[in-house]
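# Examination of the molecular architecture
Residue-level listing of the chains:
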Amino acid sequence: MPKVFDPFAGGGAIPLEAARLGCRSFGNDINPVAHIIQKGSLEFPQKFGKPITYSAIEFIKRYGQEALNEIPHNDKQYTRGEVTAVNVRNRLSFDVEFYAKKLLRQAENEIGKYYPSDEKGNKPIAYYWARVGTCSNPSCRAKVPLLRQMNLVNKSEKKYRLKPIISNNHIDFKIERGNTDESWISRGNLVCPCCGNSTENSVLKQQFIDGKIEDRLIAIIYEGDSGKAYRVPNEIDLEILKVLPNVEYRPIEMLPITYTKAMAFCLWNFNTWGDIFSNRELLFLNTFVKEINNLETFNEDGYRTAIKSYLAILFNRIASRQTSFGLWNTKAETIEHPFGKQAIQMVFDYPESNPFSDSGGGVLSQLDWIIRYIDTESILFNPTTCVNASSGDKNQFSKKYIDAVVTDPPYYDAVAYADLSDFFYVWLKKLLGIEMPLNFATPQTPKVEECTALKHHRSEDSNMAKLHFENKLLQIFDSIEYQTIDLVSIMYAHQSTEAWTTLCNSILNARMNITGSWAIDTERTSGIKVDKAFLSD
(Lines give C-alpha, C1' and ligand atoms only; values in the text may rest on other atoms or scores of the structure.)
Protein backbone atom coordinates (compact mmCIF):
# COMPACT_ATOMS: atom_id res chain seq x y z
CA MET A 1 0.00 0.00 0.00
CA PRO A 2 1.71 3.27 -1.09
CA LYS A 3 2.26 5.81 1.66
CA VAL A 4 1.35 9.43 0.81
CA PHE A 5 2.12 12.41 3.04
CA ASP A 6 0.83 16.00 2.97
CA PRO A 7 2.84 18.21 5.36
CA PHE A 8 0.37 21.10 4.88
CA ALA A 9 -2.84 19.11 4.98
CA GLY A 10 -5.28 21.92 5.81
CA GLY A 11 -8.81 20.57 5.50
CA GLY A 12 -7.47 17.25 4.22
CA ALA A 13 -8.33 17.18 0.51
CA ILE A 14 -5.04 15.59 -0.60
CA PRO A 15 -4.90 12.84 2.07
CA LEU A 16 -8.56 12.11 1.37
CA GLU A 17 -7.97 11.59 -2.34
CA ALA A 18 -4.94 9.43 -1.56
CA ALA A 19 -7.05 7.29 0.79
CA ARG A 20 -9.77 6.99 -1.86
CA LEU A 21 -7.12 5.55 -4.18
CA GLY A 22 -6.23 2.94 -1.57
CA CYS A 23 -3.09 4.61 -0.26
CA ARG A 24 -2.07 4.88 3.36
CA SER A 25 -2.18 8.62 3.91
CA PHE A 26 -0.72 11.01 6.47
CA GLY A 27 -1.54 14.66 7.09
CA ASN A 28 0.06 17.31 9.30
CA ASP A 29 -1.16 20.79 10.14
CA ILE A 30 -0.21 23.10 12.98
CA ASN A 31 -3.65 24.73 12.92
CA PRO A 32 -6.06 23.09 15.43
CA VAL A 33 -9.10 24.17 13.38
CA ALA A 34 -7.74 22.41 10.31
CA HIS A 35 -6.88 19.38 12.48
CA ILE A 36 -10.48 19.01 13.67
CA ILE A 37 -11.71 19.20 10.08
CA GLN A 38 -9.13 16.58 9.09
CA LYS A 39 -10.27 14.18 11.79
CA GLY A 40 -13.90 14.69 10.76
CA SER A 41 -13.00 14.11 7.10
CA LEU A 42 -10.22 11.55 7.17
CA GLU A 43 -10.39 9.56 10.39
CA PHE A 44 -13.77 9.37 12.11
CA PRO A 45 -15.95 8.20 9.17
CA GLN A 46 -13.48 5.50 8.18
CA LYS A 47 -13.01 4.35 11.78
CA PHE A 48 -16.51 4.63 13.26
CA GLY A 49 -18.93 4.82 10.33
CA LYS A 50 -19.95 1.16 10.39
CA PRO A 51 -23.26 -0.75 10.66
CA ILE A 52 -24.45 -1.84 14.08
CA THR A 53 -27.41 -3.88 15.31
CA TYR A 54 -29.14 -3.13 18.63
CA SER A 55 -31.72 -5.14 20.44
CA ALA A 56 -35.00 -3.24 20.56
CA ILE A 57 -34.62 -2.84 24.31
CA GLU A 58 -31.12 -1.39 24.01
CA PHE A 59 -32.15 0.91 21.15
CA ILE A 60 -35.05 2.34 23.15
CA LYS A 61 -32.78 2.77 26.17
CA ARG A 62 -30.32 4.81 24.08
CA TYR A 63 -32.64 6.74 21.79
CA GLY A 64 -36.23 6.42 23.00
CA GLN A 65 -39.46 5.02 21.63
CA GLU A 66 -40.02 7.94 19.26
CA ALA A 67 -36.71 7.28 17.54
CA LEU A 68 -37.65 3.60 17.18
CA ASN A 69 -40.91 4.59 15.52
CA GLU A 70 -38.96 6.61 12.91
CA ILE A 71 -36.74 3.68 11.89
CA PRO A 72 -37.74 2.35 8.43
CA HIS A 73 -39.56 -0.98 8.44
CA ASN A 74 -36.77 -2.68 6.47
CA ASP A 75 -34.22 -1.83 9.18
CA LYS A 76 -36.17 -3.57 11.93
CA GLN A 77 -36.05 -7.25 12.84
CA TYR A 78 -39.29 -8.93 13.93
CA THR A 79 -40.17 -12.00 15.96
CA ARG A 80 -43.85 -12.98 15.90
CA GLY A 81 -44.78 -9.45 14.86
CA GLU A 82 -42.78 -7.69 17.58
CA VAL A 83 -39.69 -5.57 16.92
CA THR A 84 -36.77 -7.38 18.51
CA ALA A 85 -33.77 -5.66 16.91
CA VAL A 86 -32.79 -2.57 14.92
CA ASN A 87 -30.20 -2.41 12.14
CA VAL A 88 -28.45 0.96 12.03
CA ARG A 89 -26.70 1.28 8.68
CA ASN A 90 -24.11 3.80 9.85
CA ARG A 91 -23.67 4.20 13.58
CA LEU A 92 -21.69 7.43 13.31
CA SER A 93 -23.99 9.37 10.99
CA PHE A 94 -27.05 8.11 12.89
CA ASP A 95 -25.69 9.31 16.23
CA VAL A 96 -24.49 12.67 14.90
CA GLU A 97 -27.91 13.32 13.36
CA PHE A 98 -29.80 12.09 16.43
CA TYR A 99 -27.90 14.19 18.93
CA ALA A 100 -27.74 17.28 16.70
CA LYS A 101 -31.52 17.24 16.28
CA LYS A 102 -31.97 16.60 19.98
CA LEU A 103 -29.84 19.63 20.84
CA LEU A 104 -31.67 21.74 18.28
CA ARG A 105 -35.05 20.85 19.84
CA GLN A 106 -33.76 21.72 23.28
CA ALA A 107 -32.37 25.03 22.04
CA GLU A 108 -35.60 25.89 20.25
CA ASN A 109 -37.64 25.10 23.35
CA GLU A 110 -35.47 27.53 25.28
CA ILE A 111 -35.04 30.44 22.85
CA GLY A 112 -37.30 29.75 19.86
CA LYS A 113 -39.68 32.48 21.07
CA TYR A 114 -37.10 35.07 20.01
CA TYR A 115 -37.61 34.05 16.37
CA PRO A 116 -41.40 34.58 16.10
CA SER A 117 -43.52 33.60 13.12
CA ASP A 118 -45.84 36.13 11.53
CA GLU A 119 -49.62 36.26 11.94
CA LYS A 120 -50.00 33.66 9.16
CA GLY A 121 -47.59 31.26 10.82
CA ASN A 122 -44.73 31.87 8.39
CA LYS A 123 -41.39 31.19 10.08
CA PRO A 124 -38.61 33.62 9.06
CA ILE A 125 -35.68 32.16 7.15
CA ALA A 126 -33.49 35.20 7.68
CA TYR A 127 -33.52 38.80 8.84
CA TYR A 128 -31.92 41.51 6.74
CA TRP A 129 -30.06 44.22 8.66
CA ALA A 130 -28.17 47.41 7.88
CA ARG A 131 -25.83 49.46 10.01
CA VAL A 132 -27.10 53.03 10.33
CA GLY A 133 -24.95 56.14 9.90
CA THR A 134 -25.79 59.80 10.44
CA CYS A 135 -25.68 62.38 7.64
CA SER A 136 -22.97 64.94 8.41
CA ASN A 137 -25.07 67.83 7.05
CA PRO A 138 -25.96 69.87 10.20
CA SER A 139 -29.34 70.81 8.77
CA CYS A 140 -30.18 67.20 7.93
CA ARG A 141 -28.65 64.67 10.37
CA ALA A 142 -30.79 61.91 8.90
CA LYS A 143 -30.28 58.37 10.18
CA VAL A 144 -29.36 56.51 6.99
CA PRO A 145 -29.22 52.70 6.63
CA LEU A 146 -25.89 51.96 4.96
CA LEU A 147 -27.29 49.97 2.04
CA ARG A 148 -24.90 49.19 -0.79
CA GLN A 149 -27.88 48.45 -3.01
CA MET A 150 -31.63 48.05 -2.63
CA ASN A 151 -32.11 44.78 -4.47
CA LEU A 152 -33.27 41.79 -2.45
CA VAL A 153 -33.60 39.39 -5.40
CA ASN A 154 -31.97 39.78 -8.79
CA LYS A 155 -32.96 36.77 -10.89
CA SER A 156 -34.12 36.85 -14.47
CA GLU A 157 -37.52 35.50 -13.43
CA LYS A 158 -37.78 37.18 -10.03
CA LYS A 159 -36.80 40.67 -8.93
CA TYR A 160 -37.61 42.44 -5.67
CA ARG A 161 -36.20 45.65 -4.21
CA LEU A 162 -36.43 47.91 -1.21
CA LYS A 163 -38.35 51.10 -2.05
CA PRO A 164 -37.43 54.00 0.29
CA ILE A 165 -40.21 56.11 1.77
CA ILE A 166 -38.73 59.40 2.99
CA SER A 167 -40.64 61.89 5.13
CA ASN A 168 -39.04 64.75 7.11
CA ASN A 169 -35.63 63.10 7.04
CA HIS A 170 -37.11 59.83 8.34
CA ILE A 171 -36.56 56.77 6.17
CA ASP A 172 -38.92 53.82 5.94
CA PHE A 173 -39.22 51.11 3.32
CA LYS A 174 -41.67 49.05 1.38
CA ILE A 175 -40.87 46.07 -0.85
CA GLU A 176 -41.88 46.06 -4.49
CA ARG A 177 -41.09 44.22 -7.70
CA GLY A 178 -38.14 45.31 -9.81
CA ASN A 179 -34.50 46.26 -9.38
CA THR A 180 -32.60 49.52 -9.03
CA ASP A 181 -29.04 50.84 -9.08
CA GLU A 182 -29.66 53.11 -6.09
CA SER A 183 -26.96 52.96 -3.37
CA TRP A 184 -26.40 54.89 -0.14
CA ILE A 185 -22.87 53.72 0.63
CA SER A 186 -19.97 53.78 -1.82
CA ARG A 187 -16.31 53.16 -0.92
CA GLY A 188 -17.20 53.84 2.70
CA ASN A 189 -18.82 57.20 1.92
CA LEU A 190 -22.45 57.77 2.95
CA VAL A 191 -24.69 59.35 0.30
CA CYS A 192 -27.70 60.82 2.07
CA PRO A 193 -31.01 60.13 0.26
CA CYS A 194 -32.67 62.97 2.17
CA CYS A 195 -30.43 65.93 1.33
CA GLY A 196 -27.93 64.55 -1.19
CA ASN A 197 -24.96 65.32 1.07
CA SER A 198 -21.94 63.02 1.01
CA THR A 199 -20.51 62.02 4.39
CA GLU A 200 -16.88 61.15 3.87
CA ASN A 201 -15.39 57.81 4.79
CA SER A 202 -13.30 59.32 7.62
CA VAL A 203 -16.32 61.01 9.21
CA LEU A 204 -18.46 57.87 8.98
CA LYS A 205 -15.63 55.78 10.36
CA GLN A 206 -15.41 58.13 13.34
CA GLN A 207 -19.08 57.47 14.05
CA PHE A 208 -18.21 53.78 14.35
CA ILE A 209 -15.27 54.58 16.62
CA ASP A 210 -17.45 56.81 18.81
CA GLY A 211 -20.03 54.04 19.19
CA LYS A 212 -22.78 56.01 17.46
CA ILE A 213 -23.70 53.33 14.94
CA GLU A 214 -26.82 51.24 15.42
CA ASP A 215 -28.06 48.24 13.44
CA ARG A 216 -31.56 48.39 11.96
CA LEU A 217 -33.77 45.49 10.90
CA ILE A 218 -34.77 46.23 7.30
CA ALA A 219 -36.56 43.15 5.93
CA ILE A 220 -37.79 39.68 6.83
CA ILE A 221 -37.19 36.74 4.48
CA TYR A 222 -39.54 33.76 4.78
CA GLU A 223 -40.66 30.72 2.80
CA GLY A 224 -43.75 31.59 0.78
CA ASP A 225 -46.04 29.46 -1.35
CA SER A 226 -43.73 29.74 -4.37
CA GLY A 227 -40.26 30.18 -2.91
CA LYS A 228 -38.72 32.83 -0.71
CA ALA A 229 -40.85 35.87 0.05
CA TYR A 230 -40.03 39.26 1.55
CA ARG A 231 -41.77 41.68 3.87
CA VAL A 232 -40.91 44.65 6.05
CA PRO A 233 -40.64 44.03 9.83
CA ASN A 234 -43.84 44.18 11.83
CA GLU A 235 -44.31 45.28 15.41
CA ILE A 236 -43.71 41.77 16.77
CA ASP A 237 -40.39 41.49 14.92
CA LEU A 238 -39.21 44.79 16.39
CA GLU A 239 -40.55 44.33 19.92
CA ILE A 240 -38.88 40.94 20.38
CA LEU A 241 -35.49 42.60 19.89
CA LYS A 242 -36.15 44.77 22.95
CA VAL A 243 -36.63 41.81 25.28
CA LEU A 244 -33.63 39.67 24.32
CA PRO A 245 -31.80 38.25 27.36
CA ASN A 246 -28.44 39.73 28.27
CA VAL A 247 -25.54 38.19 26.36
CA GLU A 248 -23.93 35.55 28.59
CA TYR A 249 -20.66 35.35 26.69
CA ARG A 250 -19.07 37.46 23.99
CA PRO A 251 -15.63 36.30 22.77
CA ILE A 252 -12.97 38.66 24.08
CA GLU A 253 -10.05 37.38 21.98
CA MET A 254 -8.48 40.18 19.98
CA LEU A 255 -8.85 40.57 16.24
CA PRO A 256 -5.64 41.10 14.21
CA ILE A 257 -6.34 44.83 14.12
CA THR A 258 -3.06 45.70 12.37
CA TYR A 259 -3.63 43.24 9.53
CA THR A 260 -5.87 45.47 7.46
CA LYS A 261 -5.00 43.70 4.19
CA ALA A 262 -7.42 40.89 5.01
CA MET A 263 -9.19 42.38 8.03
CA ALA A 264 -9.98 45.90 6.84
CA PHE A 265 -13.16 45.92 8.90
CA CYS A 266 -11.00 46.30 12.03
CA LEU A 267 -10.47 49.94 11.01
CA TRP A 268 -14.17 50.48 11.76
CA ASN A 269 -13.79 49.85 15.51
CA PHE A 270 -14.20 46.08 15.52
CA ASN A 271 -11.59 44.95 18.03
CA THR A 272 -12.55 41.52 19.37
CA TRP A 273 -14.06 38.45 17.77
CA GLY A 274 -17.15 39.03 19.88
CA ASP A 275 -17.76 42.34 18.08
CA ILE A 276 -18.73 40.61 14.84
CA PHE A 277 -21.86 38.96 16.24
CA SER A 278 -25.21 40.59 17.03
CA ASN A 279 -26.94 40.02 20.35
CA ARG A 280 -29.48 37.53 19.00
CA GLU A 281 -26.78 35.66 17.11
CA LEU A 282 -24.83 35.35 20.36
CA LEU A 283 -27.98 34.23 22.18
CA PHE A 284 -28.27 31.25 19.87
CA LEU A 285 -24.55 30.48 19.74
CA ASN A 286 -24.19 30.52 23.52
CA THR A 287 -27.30 28.37 23.93
CA PHE A 288 -26.02 25.79 21.45
CA VAL A 289 -22.58 25.70 23.11
CA LYS A 290 -24.28 25.03 26.43
CA GLU A 291 -26.43 22.25 24.96
CA ILE A 292 -23.42 20.56 23.34
CA ASN A 293 -21.34 20.72 26.51
CA ASN A 294 -24.20 19.34 28.61
CA LEU A 295 -24.70 16.40 26.28
CA GLU A 296 -24.14 12.96 27.72
CA THR A 297 -23.37 10.44 25.01
CA PHE A 298 -21.05 7.44 25.29
CA ASN A 299 -18.45 6.00 27.63
CA GLU A 300 -16.09 5.21 24.76
CA ASP A 301 -13.60 8.10 24.81
CA GLY A 302 -12.64 8.01 21.13
CA TYR A 303 -16.22 7.71 19.93
CA ARG A 304 -17.50 10.39 22.29
CA THR A 305 -14.80 12.74 20.97
CA ALA A 306 -15.87 11.95 17.41
CA ILE A 307 -19.53 12.77 18.12
CA LYS A 308 -18.68 15.99 19.90
CA SER A 309 -16.23 16.98 17.16
CA TYR A 310 -18.98 16.74 14.55
CA LEU A 311 -21.30 18.78 16.75
CA ALA A 312 -18.53 21.36 17.02
CA ILE A 313 -18.04 21.34 13.24
CA LEU A 314 -21.80 21.77 12.85
CA PHE A 315 -21.69 24.65 15.31
CA ASN A 316 -18.98 26.41 13.31
CA ARG A 317 -20.84 25.94 10.05
CA ILE A 318 -23.78 27.68 11.71
CA ALA A 319 -21.62 30.39 13.29
CA SER A 320 -20.23 31.35 9.88
CA ARG A 321 -23.80 32.25 8.93
CA GLN A 322 -24.65 33.73 12.33
CA THR A 323 -22.39 36.76 12.05
CA SER A 324 -22.95 40.40 11.16
CA PHE A 325 -20.39 39.98 8.37
CA GLY A 326 -22.32 37.43 6.33
CA LEU A 327 -23.62 38.16 2.83
CA TRP A 328 -27.01 37.86 1.15
CA ASN A 329 -26.65 36.43 -2.35
CA THR A 330 -29.32 38.19 -4.43
CA LYS A 331 -28.97 35.78 -7.37
CA ALA A 332 -29.32 32.57 -5.36
CA GLU A 333 -31.35 33.96 -2.41
CA THR A 334 -28.96 32.34 0.03
CA ILE A 335 -26.86 33.36 3.02
CA GLU A 336 -23.14 33.21 2.28
CA HIS A 337 -20.37 32.97 4.86
CA PRO A 338 -17.82 35.83 4.91
CA PHE A 339 -14.74 33.79 3.90
CA GLY A 340 -15.19 33.61 0.12
CA LYS A 341 -12.23 35.91 -0.48
CA GLN A 342 -10.00 34.33 2.22
CA ALA A 343 -10.47 37.57 4.11
CA ILE A 344 -13.24 39.31 6.02
CA GLN A 345 -14.27 42.51 4.29
CA MET A 346 -16.18 45.39 5.86
CA VAL A 347 -19.90 45.04 5.24
CA PHE A 348 -22.59 47.55 6.11
CA ASP A 349 -25.65 45.35 5.53
CA TYR A 350 -25.96 41.68 6.37
CA PRO A 351 -28.37 38.74 6.81
CA GLU A 352 -29.01 37.05 10.13
CA SER A 353 -30.13 33.44 9.70
CA ASN A 354 -32.90 31.84 11.70
CA PRO A 355 -31.13 28.72 12.98
CA PHE A 356 -34.48 26.98 13.52
CA SER A 357 -35.59 27.30 9.89
CA ASP A 358 -35.27 24.53 7.33
CA SER A 359 -33.49 26.79 4.86
CA GLY A 360 -29.80 27.02 3.92
CA GLY A 361 -28.70 29.10 6.90
CA GLY A 362 -30.48 26.88 9.42
CA VAL A 363 -29.04 24.05 11.49
CA LEU A 364 -30.80 21.23 9.63
CA SER A 365 -29.45 22.32 6.26
CA GLN A 366 -25.89 22.49 7.61
CA LEU A 367 -26.35 19.14 9.36
CA ASP A 368 -27.40 17.51 6.09
CA TRP A 369 -24.00 18.29 4.53
CA ILE A 370 -22.21 16.57 7.41
CA ILE A 371 -24.43 13.47 7.43
CA ARG A 372 -24.08 12.97 3.69
CA TYR A 373 -20.31 13.29 3.94
CA ILE A 374 -20.07 10.70 6.74
CA ASP A 375 -22.25 8.24 4.82
CA THR A 376 -20.18 8.69 1.67
CA GLU A 377 -16.71 8.40 3.19
CA SER A 378 -17.47 5.59 5.64
CA ILE A 379 -17.01 3.06 2.87
CA LEU A 380 -13.25 3.64 3.02
CA PHE A 381 -11.33 1.16 5.13
CA ASN A 382 -8.19 3.22 5.74
CA PRO A 383 -8.33 6.20 8.10
CA THR A 384 -5.67 8.86 7.64
CA THR A 385 -3.11 9.49 10.37
CA CYS A 386 -3.72 13.15 11.28
CA VAL A 387 -1.15 15.05 13.34
CA ASN A 388 -1.76 18.50 14.83
CA ALA A 389 1.83 19.71 14.56
CA SER A 390 4.11 21.69 12.32
CA SER A 391 5.93 19.55 9.78
CA GLY A 392 9.71 19.45 9.57
CA ASP A 393 10.46 16.81 12.21
CA LYS A 394 12.72 14.21 10.55
CA ASN A 395 11.88 11.74 13.28
CA GLN A 396 8.19 11.61 12.31
CA PHE A 397 9.05 9.03 9.63
CA SER A 398 12.06 6.84 9.13
CA LYS A 399 14.40 7.39 6.17
CA LYS A 400 12.64 6.92 2.79
CA TYR A 401 9.50 5.61 4.54
CA ILE A 402 7.11 7.76 2.49
CA ASP A 403 6.48 6.85 -1.16
CA ALA A 404 5.16 10.23 -2.27
CA VAL A 405 4.56 13.71 -0.94
CA VAL A 406 1.72 15.70 -2.47
CA THR A 407 1.18 19.10 -0.91
CA ASP A 408 -0.24 22.59 -1.31
CA PRO A 409 1.93 24.80 0.95
CA PRO A 410 0.90 28.23 2.28
CA TYR A 411 0.96 30.97 -0.30
CA TYR A 412 3.68 33.19 1.18
CA ASP A 413 1.83 36.29 2.48
CA ALA A 414 -1.41 35.85 0.53
CA VAL A 415 -3.59 34.20 3.19
CA ALA A 416 -3.62 34.68 6.96
CA TYR A 417 -4.70 31.12 7.75
CA ALA A 418 -4.32 31.31 11.53
CA ASP A 419 -5.91 34.75 11.85
CA LEU A 420 -8.98 33.67 9.89
CA SER A 421 -9.15 30.42 11.84
CA ASP A 422 -9.57 32.35 15.07
CA PHE A 423 -13.19 32.96 14.02
CA PHE A 424 -13.73 29.24 14.67
CA TYR A 425 -11.02 28.61 17.27
CA VAL A 426 -12.54 30.89 19.93
CA TRP A 427 -15.64 28.66 19.90
CA LEU A 428 -13.92 25.31 19.37
CA LYS A 429 -11.84 25.67 22.52
CA LYS A 430 -15.09 26.10 24.50
CA LEU A 431 -16.54 23.01 22.86
CA LEU A 432 -13.54 20.65 22.67
CA GLY A 433 -11.06 22.08 25.16
CA ILE A 434 -11.76 19.37 27.74
CA GLU A 435 -11.67 16.44 25.28
CA MET A 436 -8.62 17.78 23.41
CA PRO A 437 -6.70 20.00 25.85
CA LEU A 438 -3.37 19.88 24.01
CA ASN A 439 -4.94 20.98 20.74
CA PHE A 440 -6.64 23.97 22.36
CA ALA A 441 -4.02 24.92 24.95
CA THR A 442 -3.27 28.36 23.48
CA PRO A 443 -5.54 31.43 23.79
CA GLN A 444 -5.80 31.70 20.00
CA THR A 445 -4.66 29.76 16.94
CA PRO A 446 -0.84 29.31 16.97
CA LYS A 447 0.80 31.86 14.70
CA VAL A 448 4.51 32.07 15.53
CA GLU A 449 5.36 28.74 13.87
CA GLU A 450 2.92 29.08 10.98
CA CYS A 451 4.72 28.78 7.64
CA THR A 452 3.75 32.16 6.18
CA ALA A 453 5.49 35.44 5.37
CA LEU A 454 3.06 37.68 7.22
CA LYS A 455 4.83 40.72 8.62
CA HIS A 456 2.22 41.39 11.32
CA HIS A 457 3.39 38.12 12.91
CA ARG A 458 6.99 39.40 12.79
CA SER A 459 6.82 42.85 14.40
CA GLU A 460 5.79 44.39 11.06
CA ASP A 461 9.20 43.46 9.63
CA SER A 462 8.84 42.23 6.02
CA ASN A 463 12.40 40.91 5.81
CA MET A 464 12.00 38.95 9.03
CA ALA A 465 8.72 37.51 7.74
CA LYS A 466 10.33 36.48 4.46
CA LEU A 467 13.27 34.87 6.28
CA HIS A 468 10.95 32.94 8.60
CA PHE A 469 8.95 31.59 5.65
CA GLU A 470 12.05 30.53 3.74
CA ASN A 471 13.69 28.88 6.76
CA LYS A 472 10.51 27.08 7.77
CA LEU A 473 9.90 25.86 4.25
CA LEU A 474 13.52 24.73 3.96
CA GLN A 475 13.24 22.79 7.22
CA ILE A 476 10.11 21.03 6.01
CA PHE A 477 11.46 20.27 2.54
CA ASP A 478 14.71 19.00 4.07
CA SER A 479 12.70 16.51 6.13
CA ILE A 480 10.67 15.54 3.08
CA GLU A 481 13.85 14.80 1.13
CA TYR A 482 15.02 12.52 3.95
CA GLN A 483 11.67 10.76 4.41
CA THR A 484 10.54 10.32 0.78
CA ILE A 485 11.71 7.71 -1.67
CA ASP A 486 9.90 8.81 -4.81
CA LEU A 487 7.75 11.70 -6.07
CA VAL A 488 7.27 15.12 -4.46
CA SER A 489 4.44 17.14 -6.04
CA ILE A 490 3.86 20.75 -4.96
CA MET A 491 0.88 22.92 -5.87
CA TYR A 492 1.61 26.64 -5.49
CA ALA A 493 -0.16 29.88 -6.40
CA HIS A 494 1.11 33.41 -5.97
CA GLN A 495 1.43 36.51 -8.11
CA SER A 496 4.82 37.71 -6.92
CA THR A 497 8.22 36.63 -8.26
CA GLU A 498 9.59 36.93 -4.73
CA ALA A 499 7.23 34.25 -3.43
CA TRP A 500 8.13 31.86 -6.25
CA THR A 501 11.85 32.53 -5.75
CA THR A 502 11.54 31.74 -2.06
CA LEU A 503 9.73 28.48 -2.81
CA CYS A 504 12.25 27.35 -5.43
CA ASN A 505 15.23 28.25 -3.24
CA SER A 506 13.80 26.18 -0.39
CA ILE A 507 13.34 23.18 -2.69
CA LEU A 508 16.85 23.41 -4.13
CA ASN A 509 18.53 24.04 -0.78
CA ALA A 510 16.84 20.89 0.53
CA ARG A 511 18.83 18.89 -2.07
CA MET A 512 15.79 18.24 -4.28
CA ASN A 513 15.68 18.87 -8.04
CA ILE A 514 12.79 20.50 -9.91
CA THR A 515 12.01 18.15 -12.78
CA GLY A 516 8.85 19.74 -14.17
CA SER A 517 6.36 22.57 -13.83
CA TRP A 518 2.77 22.69 -15.09
CA ALA A 519 0.28 25.56 -15.08
CA ILE A 520 -3.17 24.40 -14.01
CA ASP A 521 -6.55 26.09 -13.76
CA THR A 522 -8.20 25.22 -10.44
CA GLU A 523 -10.46 28.16 -9.58
CA ARG A 524 -14.24 28.11 -9.76
CA THR A 525 -15.73 30.07 -12.63
CA SER A 526 -18.62 31.28 -10.47
CA GLY A 527 -19.14 32.37 -6.90
CA ILE A 528 -18.33 35.17 -4.55
CA LYS A 529 -14.99 36.12 -6.08
CA VAL A 530 -16.26 36.25 -9.66
CA ASP A 531 -19.65 37.94 -9.69
CA LYS A 532 -20.20 39.88 -6.50
CA ALA A 533 -24.00 39.86 -6.65
CA PHE A 534 -24.57 40.79 -3.04
CA LEU A 535 -26.18 43.55 -1.06
CA SER A 536 -22.81 43.75 0.68
CA ASP A 537 -19.34 42.83 -0.46
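Check the entry above for the structure.
Residues numbered from 1 in each chain as written. Predicted model: local features only at pLDDT ≥ 70, side-chain atom pairs only at ≥ 80, totals over all residues. Heavy atoms only, no water.

### Section: helix 3 (residues 56-63)
Residues Ala-56, Phe-59 and Tyr-63 constitute the buried set of helix 3. For helix 3, the arc enclosing every buried residue in end-on projection is 60°, short of the 170-degree limit, so these residues lie on one face. Every exposed residue of helix 3 that faces more than 90 degrees away from the buried side is listed here: Ile-57 and Lys-61. Lining the buried residues of helix 3 we find strand 3 (52-55), helix 4 (65-70), strand 5 (82-88) and helix 5 (91-111). (Buried < 20%, exposed > 50% of the residue type's maximum accessible area, 1.4 Å probe, protein only. Helix = DSSP H or I, 4+ residues; strand = E, 2+ residues; numbered from the N terminus. Arc of directions from axis to C-beta. Contact = heavy atoms within 4.5 Å.)

### A look at the sheet that holds strand 1 (residues 3-6)
The strands that make up a sheet pair up through hydrogen bonds in the backbone, lying either parallel or antiparallel. Strand order in this open sheet of five strands is 19-2-1-20-21, and the pairing throughout is parallel. Two strands close off the open sheet at either side, each with one partner strand: strand 19 (385-387) and strand 21 (488-490). Looking at each pair of strands side by side, their axes are set apart by 15° on average, direction ignored. Bridge count between strand 1 and strand 20 (residues 404-407): two bridges; the pairing is parallel. Of the residues in strand 20, the one forming a bridge with Phe-5 is Val-405. Helix-sheet contacts for helix 1 (residues 13-20) involve strand 1, strand 2 (24-28) and strand 20, and the interaxial angle to strand 2 is about 175°. (Pairing = 2+ DSSP bridges. Axes fitted to C-alpha atoms, helices over the stretch in contact; angles between N-to-C directions.)

### Some points on helix 6 (residues 201-209)
Within the span of helix 6, buried status applies to Leu-204, Lys-205, Gln-207 and Phe-208. Mapping the buried residues of helix 6 onto a view down its axis gives an arc of 150°, with all of them on the same face. Looking at the buried positions of helix 6, the neighbouring elements they touch are strand 6 (124-134), strand 11 (185-186), strand 12 (189-191) and strand 13 (198-199). Directly after helix 6, the chain includes Gly-211, whose backbone phi takes a positive value near 75°.

### Re the packing of aromatic side chains
Within the structure shown, the criterion is met by 40 aromatic pairs. Where Phe-208 meets Trp-268, the ring centres are 5.1 Å apart and the plane angle is 80°; that geometry is what we call edge-to-face. Note that Phe-208 is positioned in helix 6 and Trp-268 in the loop between helix 7 (235-240) and helix 8 (279-293), a separation of 60 residues in sequence. Judged by its relative accessible area of 6%, Trp-268 falls in the buried class. Between Tyr-425 and Phe-440 the ring centres are 5.3 Å apart and the planes differ by 40°, which places this aromatic pair in the tilted class. Taken together, the residues span a long stretch of sequence, with Tyr-425 in helix 11 (residues 417-432) and Phe-440 in the loop between helix 11 and helix 12 (462-483) at a distance of 15 residues. Accessibility assignment for this pair places Tyr-425 and Phe-440 in one class, buried. (Phe/Tyr/Trp six-rings, centres within 6.5 Å; stacked < 30°, edge-to-face > 60°.)

### Points about the sheet that holds strand 5
Taken in spatial order, the three strands of this open sheet run 3-5-4, and their pairing is antiparallel. Of all the strands in the sheet, just strand 3 and strand 4 (76-79) have a single pairing partner and so form its edges. Here the average twist between neighbouring strands, direction ignored, is 25°. In the sheet, strand 3 pairs with strand 5 via four bridges, with the strands oriented antiparallel. Each bridged residue has a counterpart across the sheet, and for Ile-52 the counterpart in strand 5 is Val-88. Contacts from helix 3 reach strand 3 and strand 5 within the one sheet, and its direction differs from that of strand 3 by about 95°.

### Looking at the nonpolar core
Core analysis: the biggest nonpolar cluster contains 118 residues, and Leu-92 and Phe-265 have the highest contact counts within it. Among the elements that make up this core, the one with the highest residue count is helix 9 (residues 301-319) (eleven residues). Contact partners of Phe-265, with chain neighbours within four places excluded, come to Leu-255, Phe-270, Ile-276, Phe-325, Ile-344, Gln-345 and Met-346. Membership of the second largest hydrophobic core comes to 21 residues, among which are Val-405, Phe-477, Ala-499 and Met-512. (Core = buried A, V, L, I, M, F, W, Y, C linked by side-chain atoms within 4.5 Å.)

### Looking at the pattern of salt bridges
Under the definition given, this model contains 32 salt bridges. In this structure, Lys-472 and Glu-449 form a salt bridge, with 3.2 Å as the shortest nitrogen-oxygen distance. Taken together, the positions of Lys-472 in helix 12 and Glu-449 in the loop between helix 11 and helix 12 put the pair 23 residues apart, joining distant regions of the chain. One salt bridge connects Arg-511 with Glu-481, and the closest N-O pair in it is separated by 2.8 Å. Of the two residues, Arg-511 sits in the segment after helix 13 (497-509) while Glu-481 sits in helix 12, which places them 30 residues apart along the sequence. Note on Glu-481: relative accessible area 21%, which makes it partly exposed. (Salt bridge = Lys/Arg side-chain N within 4 Å of Asp/Glu carboxyl O.)

### Structural notes on the side chain of Asn-28
The residue Asn-28 is located in strand 2 in this model. A polar contact of 2.8 Å, which involves the side chain of Asn-28, links it to the side chain of Gln-396. In contact with Asn-28, not counting residues within four places along its chain, are Phe-5, Asp-6, Pro-7, Phe-8, Ala-9, Gln-38, Val-387, Ala-389, Ser-390, Ser-391 and Gln-396. (Polar contact = N/O pair within 3.5 Å; in protein donor to acceptor, adjacent residues only side chain to side chain.)

### Details of the environment of Leu-16
Looking at the element boundaries, Leu-16 is found in helix 1. As a C-alpha pair, Leu-16 and Ser-41 span 25 residues in sequence and 7.5 Å in three-dimensional space. Among all residues touching Leu-16, those that are not within four sequence positions of it are Ser-41, Leu-42, Gln-46, Tyr-373, Glu-377 and Leu-380.

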